[in-house]
Amino acid sequence: MGFPSTMFPHQPTWSNTRINLLQRCPRAFVLRYGLAKLSKHHPQGQVLSELFKIQTPWILMHQTMRGLLLDYVEDYVNGTIWSEKLVRIRFKKDYKQAITARNQRIQQLFHHGIHSSLFQLAQAEEHLIEMGVKSCIDMIQHNSLIRWLSHGSIERKNPVSSVTNENIRLYCSPDLIHHGRNGTTLIKFYLYGNLNSNERTHQASLIQSFGDNESTVALFILHRRKWYIHTTKPVEHQRKGAMNLIRQDIQHMETAFSKVNKNNDLSDVPLADSYRACMTCNVRFMCPSRHGFENAKAEQRALMCK
Ligand code: SF4
């Protein structure tokens, strides 16, 4: 492993996943985006990366939904319109594959002697399949999607595509881009609950960087199993505000990395300050907080008093 200075990415990188993890826990953030990357050719570094790839069946259900909706649109554009029965068959197949891949990852960890109550082999549960199928069908029948599919052209974006803005690499790609008589619309599916109005403006302003200043952004938000659509065309001050927040996020990320000492000693990198974050953390078993949340909190308090 190298020294912490190599932990800084050449180009600052921002994504919702990164900032969400940093907010949940600086220690988990540094392990995932610092040490795991830095040591990717080292067996333990690989294990660390794998650990973070293990998702819960609940998250996999939502990832399956996104994949299925994008496949649906792609096939539609190519002239094949899926029946509800096909949606159901495809969802079931894709979700089962996702669960199998998850189980294989967990079995690999068992081979490395890593056992944690978080990593249980799972089955593709029927109620999750039903939930996913229903949300997909509701989306496919949504008036706005039907309208976009009926005219103009629509393309699927690779979720890992990025843009560079003010030398920061932003991973916040729309899922679909529609070009029609009213201009370009950047469409994104948000599957994990509601966004308040500031969050919607922030996300829309960033997504707009994948089009131009005249592009409209449409956010489909799945909240309590119902789809809500918010359409907006961010303006100059909103774009600027969003980039200001991103710069602040980048500073926090760099501060977290800079707390890693020589020889990659993480003792000065704060732990989570919430019990909930630790309960769902994939690296809980290798963290001082495994002895209890109170210990982790005391350690964090001590670090803050330094
Ligand atoms: S167990 Fe808690 S403190 Fe430790 S890395 Fe995970 S979230 Fe952070």
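What counts as what
- Residues numbered from 1 in each chain as written.
- Predicted model: local features only at pLDDT ≥ 70, side-chain atom pairs only at ≥ 80, totals over all residues.
- Helix = DSSP H or I, 4+ residues; strand = E, 2+ residues; numbered from the N terminus.
- Buried ≥ 20, exposed ≤ 12 C-beta atoms within 10 Å, placed from the backbone.
- Near = placed C-beta within 6 Å.
- Nonpolar A, V, L, I, M, F, W, Y, C, P; charged D, E, K, R; others polar.
- Expected span 1.5 Å × (residues − 1).
- Contact = placed C-beta atoms within 7 Å.
- Axes fitted to C-alpha atoms, helices over the stretch in contact; angles between N-to-C directions.
- Parallel < 35°, antiparallel > 145°, perpendicular 65-115°, else oblique.
- Left-handed = near helix turned anticlockwise from the far one by under 90°.
- Pairing = 2+ DSSP bridges.
- pLDDT = per-residue confidence, 0-100.

Asker: Requested: an account of the environment of Arg147, with residues and values cited.
Answerer: Examined against the element boundaries, Arg147 turns out to sit in helix α7 (residues 143-150). According to the C-beta neighbour criterion, Arg147 is exposed, with 12 such atoms within 10 Å.

Asker: Describe the site of the ligand, naming the residues involved and giving the relevant values.
Answerer: Of all residues adjacent to the ligand, which total 13 residues, the nearest are Cys25, Leu271, Cys278, Cys281 and Cys287. Taken together, the elements giving at least two residues each to the shell around the ligand come down to α2 (26-38) and α10 (275-279). Partitioning the shell around the ligand into residue classes produces 10 nonpolar, 1 polar and 2 charged.

Asker: So, helix α9 (residues 236-258): which residues are in play, and what are the values?
Answerer: With 23 residues, α9 extends 33 Å between its outermost C-alpha atoms, agreeing within 8% with the 33 Å of an ideal straight helix rising 1.5 Å per residue. Taken together, the buried positions of α9 are occupied by Ala242, Ile246, Met253, Ala256 and Phe257. The inward-facing, buried residues of α9 abut β1 (13-15), α1 (16-24), α2, β4 (168-171) and α8 (197-207).

Asker: How would you summarise helix α4 (residues 57-77) if you had to cite specific residues and measurements?
Answerer: Over its 21 residues, α4 runs 30 Å from end to end, which matches the ideal 30 Å to within 8%, given 1.5 Å per residue. When α4 is considered as a whole, its buried residues turn out to be Leu60, Met61, His62, Thr64, Met65, Leu68, Leu69, Tyr72 and Val73. Residues of α4 that are buried sit in contact with α5 (84-111), α6 (126-140), β2 (153-156), β5 (176-180) and β6 (183-190). Positive phi appears at Gly79, one or two residues downstream of α4, with a value of about 100°.

Asker: Requested: an account of the packing of α1 against α9, with residues and values cited.
Answerer: For any two helices packed against each other, one specifies the inter-axial angle together with the distance between the axes. In the contact formed by α1 and α9, the axes pass within 11 Å of each other and the chain directions differ by 55°. One element, α1, and the other, α9, form an angle in the oblique class. For the element pair α1 and α9, the recorded crossing hand is left-handed. Across the interface between the two elements, Arg18, Ile19 and Leu22 of α1 pack against Asp249, His252, Met253 and Ala256 of α9. Tallied by class, residues from the contact of α1 with α9 come to 4 nonpolar, 1 polar and 2 charged.

Asker: Tell me about the pairing of strand β8 (residues 226-232), and please be specific about residues and values.
Answerer: Inspection of the sheet shows strand β7 (residues 216-223) paired to β8 by 7 bridges, in the antiparallel sense. Considered in β8, the bridge of Phe220 is made with Ile229. Linking two consecutive strands that pair antiparallel, namely β7 and β8, is a turn of 2 residues; a positive phi of about 50° is found at Arg224 within it.

Asker: Quick one: what's the story with the confidence of the model for the protein, residue by residue and with numbers?
Answerer: In this model, the protein carries an average pLDDT of 89, and 91% of its residues clear a pLDDT of 70 or more. Confidence, expressed as mean pLDDT per element, reaches its minimum in the protein at helix α11 (residues 293-304) with 60 and its maximum at α6 with 98.

Asker: Which residues make up the sheet that holds β1, and what values go with them?
Answerer: By definition, the strands of a sheet pair up through backbone hydrogen bonds, in either a parallel or an antiparallel sense. Read across the sheet, 3 strands follow the order β1-β4-β3 without closing on themselves; strand pairing throughout is mixed. Each of the sheet's edge strands pairs with one partner strand only, and the pair in question is β1 and β3 (163-165). Going from strand to strand, the sheet's axes swing by 35° on average, the running direction of each strand aside. As paired elements, β1 and β4 share 3 bridges and run parallel to each other.

Asker: Mind laying out the sheet that holds β6, listing which residues take part and the relevant values?
Answerer: Spatially, 5 strands are ordered β2-β5-β6-β7-β8 in an open sheet, and the strand pairing comes out mixed. Single-partner strands in this sheet number two, and they are β2 and β8. This sheet shows a mean twist of 20° between the axes of neighbouring strands, independent of strand direction. Pairing of β6 with β7, which is carried by 6 bridges, proceeds in the parallel orientation. Among the inter-strand pairings, Thr185 is bridged to a residue of β7, identified as Thr216. Helix-sheet contacts for α4 involve β2, β5 and β6, and the interaxial angle to β2 is about 140°.

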